[in-house]
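# An overview of the molecular structure
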Amino acid sequence: MVGTGCHMNKTQRLCLVLGDQLCFDLASLQALDAEHDTVLLVEVMEEASHVPHHPQKIALIFSAMRHFAEALQARGVRVQYVRLDDPHNSGSVPGELRRWQSRLQAQSLHLTECGDWRLEQSLKDCGLAIEWHVDSRFLCTRAEFSSWAEGKKQLRMEYFYREMRRKSALLLNGDGSPVGGAWNFDTENRKALPNNVRAPSPLRFTADAITQEVLALVETNFSSHYGELGTFDYPVTHADAQALWEYFLDWGLAAFGDYQDAMASDEPFLFHARISAALNIGLLDLRQLCNDVESAYQAHRIPLNAAEGFIRQLIGWREYVRGVYWLKMPDYASGNLFGNSRPLPGFYWTGDTKMNCMSQAIGQSLKHAYAHHIQRLMLTGNFALLAGITPTQICDWYLAIYMDAFDWVEMPNTLGMVMHADGGYLGSKPYCASGQYIKRMSDYCRNCAYKVSESTTDDACPFNSLYWHFLMRHADLLRSNQRLVMVYKNLDRMAEPKQQALWDRGQTLLARLDAGESF
């Protein structure tokens, strides 16, 4: 069992490892001298509660940290581990770094770049001389992304993705051209789930003694946070994360391409890998994952659209949003193109709404700390966009509720892609949609109290009128967007009474939100 350690002699290098850096190849751990150096891991209240993180997310990180510390000790590494309930715990990462630097009289402090601007800034301001290391777990460094972005008024992920494909040599022919003759097969990855297609059962992991102890700790200290704890079944070790990955390679990846955008009632996972949390905290290696996918394609185990689509999410979108985050923070966090001021509706924390699609997405998020990208973008995100929710509030919700949400990946995805609050810097258009998109990509509408075929009646799908209301009220900002030209032509062709009815229905729904009502 991991403890606080008894090695109180002096140390040469003190290497702080954060809860999302649980990687044996972490840059700051290289050249580690097991005899003279010390690794420090700390569980602190500030990081667990600066937003009300889902209890399962806290449990994942604390348990994975404790397992990682034990694995380091088994390798002969000196570890100082501070538990959340340690009476001497200062409650913050900078506070613990100062405390242990003093206790161990460390000659140098080493830290790999943070995933959170707030935390990195607090460490840089804590009065200690820290030797910072580039986070080599990513394919593109902050400096390389900044160089790529220099001089561009708008950044486009597609062109960045091609650069990463060339850099990694993934899915390339001998002459450097893309396998299959195209860089992107996204048009093949938008199929709804047919009735006769069944997703694999999710692979679940039983809590060992360490995890059970952590679950009890989380239950005691974070019972006020939203989300269930009893359904926790995530991998907390490198070996279990690898098992989850191999299960996906065998049973999910082949159909992932076709159905990655699909949604279905009471099917929270479908053909998705569920490895993003493990990857983001260091239990899996990006390069290995991509190589495994390429090998599966080359062995004719999976189609090209599945291989390319998965690799694009990893070395395209994931690396791209990280680059935008570190290029534009901290000003990026205050983006609010549409001037939104409406608070986040209370049903985001409970799932208590008659909109079946929202109830399904929020309900599974509370139960599993998980929803896949289309549920986040086109359901909970789309509603927040159409309803004019304050960007910082929906960003904090995503950061709190999802297992894999860390600031570097959550902030650009939510503020930029979901809310278009950055003015189109990250995405070329707002990802707004009516209920017709939800009907096309899911079966949610079949069992909904609202009618997706209606737009202006009392029982009409709220997404329908809110979609047109959003376009009307922001026409001055959006009408010139090239990707919305046809949408506004359709709006202009509507008869005036129809437009007025859509506006009135939207006004009524927004007034109900302002009154604190659910619907």
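Please read these numbers as outputs of a predicted model, since none were measured by experiment.

Attention now goes to the overall build of the protein chain. Helix and strand counts for the protein chain stand at 21 helices and 5 strands. The C-alpha radius of gyration computed for the protein chain amounts to 24 Å, which stays within 12% of the reference 24 Å derived for 519 residues, consistent with globular compactness. Its C-alpha atoms give the protein chain principal-axis dimensions of roughly 80 × 60 × 50 Å. Across the 519 residues of the protein chain, 59% fall into the buried class.

What follows covers the pairing of strand β4 (residues 108-112). Taken residue by residue, a regular strand's side chains alternate between the two faces of the sheet. Counting buried positions over the 5 residues of β4 gives 5, a clear majority of the element. Bridge count between strand β1 (residues 13-16) and β4: 4 bridges; the pairing is parallel. Residue pairing for β4: Cys-15 is matched across the bridge by His-110. Inspection of the sheet shows β4 paired to strand β5 (residues 130-133) by 4 bridges, in the parallel sense. Note that in β5 the partner of Leu-109 across the bridge is Ile-130. Crossover handedness for the path β4 to helix α4 (residues 117-124) to β5: right-handed.

Simply put, disulfide is the name for a covalent bond between the sulfur atoms of two cysteines. Applying the stated criterion across every chain, the model contains 0 disulfides. Here Cys-15 is not disulfide-linked; the sulfur of Cys-23 is the nearest cysteine sulfur, at 14 Å. Residue class for Cys-15 comes out buried when judged on its relative accessible area of 0%. With no disulfide of its own, Cys-357 lies closest to Cys-448 among cysteine sulfurs, the gap being 6.3 Å.

Our focus in this paragraph is the sheet that holds β5. Taken in spatial order, the 5 strands make up an open sheet running β3-β2-β1-β4-β5, and their pairing is parallel. Each having just a single partner strand, β3 (78-82) and β5 make up the two edges of the open sheet. The average angle at which neighbouring strand axes cross in this sheet is 25 degrees, direction not considered.

This part takes up helix α18 (residues 462-473). With 12 residues, α18 should reach 16 Å at 1.5 Å per residue; the first-to-last C-alpha distance of 16 Å fits that figure. Of all 12 residues in α18, 10 are buried, a share of seventy percent or more.

Turning to helix α8 (residues 238-251), a few remarks are in order. Every α-helix carries 3.6 residues per turn, so stepping three or four residues along brings you back to the same face. Taking 1.5 Å of rise per residue, the 14 residues of α8 would be expected to cover 20 Å, and the 20 Å separating its terminal C-alpha atoms lies within 8% of that figure. When α8 is considered as a whole, its buried residues turn out to be Ala-241, Gln-242, Leu-244, Trp-245, Phe-248 and Leu-249. What you see down the axis of α8 is that its buried residues fit within an arc of 160 degrees, all on one side. The exposed residues of α8 that point more than 90 degrees off its buried face are Ala-239, Asp-250 and Trp-251.

It is worth spelling out the side chain of Asp-407 at this point. On the secondary structure map, Asp-407 appears in helix α16 (residues 407-418). Within the local environment of Asp-407, its side chain forms a polar contact with the side chain of Tyr-325, the two groups lying 2.5 Å apart. Apart from residues lying up to four places away in sequence, Asp-407 is in contact with Gly-115, Asp-116, Trp-117, Tyr-325, Met-329, Leu-399 and Pro-412.

Reading the values: the criteria
- Residues numbered from 1 in each chain as written.
- Predicted model: local features only at pLDDT ≥ 70, side-chain atom pairs only at ≥ 80, totals over all residues.
- Heavy atoms only, no water.
- Helix = DSSP H or I, 4+ residues; strand = E, 2+ residues; numbered from the N terminus.
- Rg over C-alpha atoms; globule rule 2.2 N^0.38 Å.
- Buried < 20%, exposed > 50% of the residue type's maximum accessible area, 1.4 Å probe, protein only.
- Pairing = 2+ DSSP bridges.
- Right-handed = clockwise from strand over helix to strand, strands pointing away.
- Disulfide = S-S within 2.5 Å.
- Axes fitted to C-alpha atoms, helices over the stretch in contact; angles between N-to-C directions.
- Expected span 1.5 Å × (residues − 1).
- Arc of directions from axis to C-beta.
- Polar contact = N/O pair within 3.5 Å; in protein donor to acceptor, adjacent residues only side chain to side chain.
- Contact = heavy atoms within 4.5 Å.

By themselves, these are just geometric observations and shouldn't be taken as functional.
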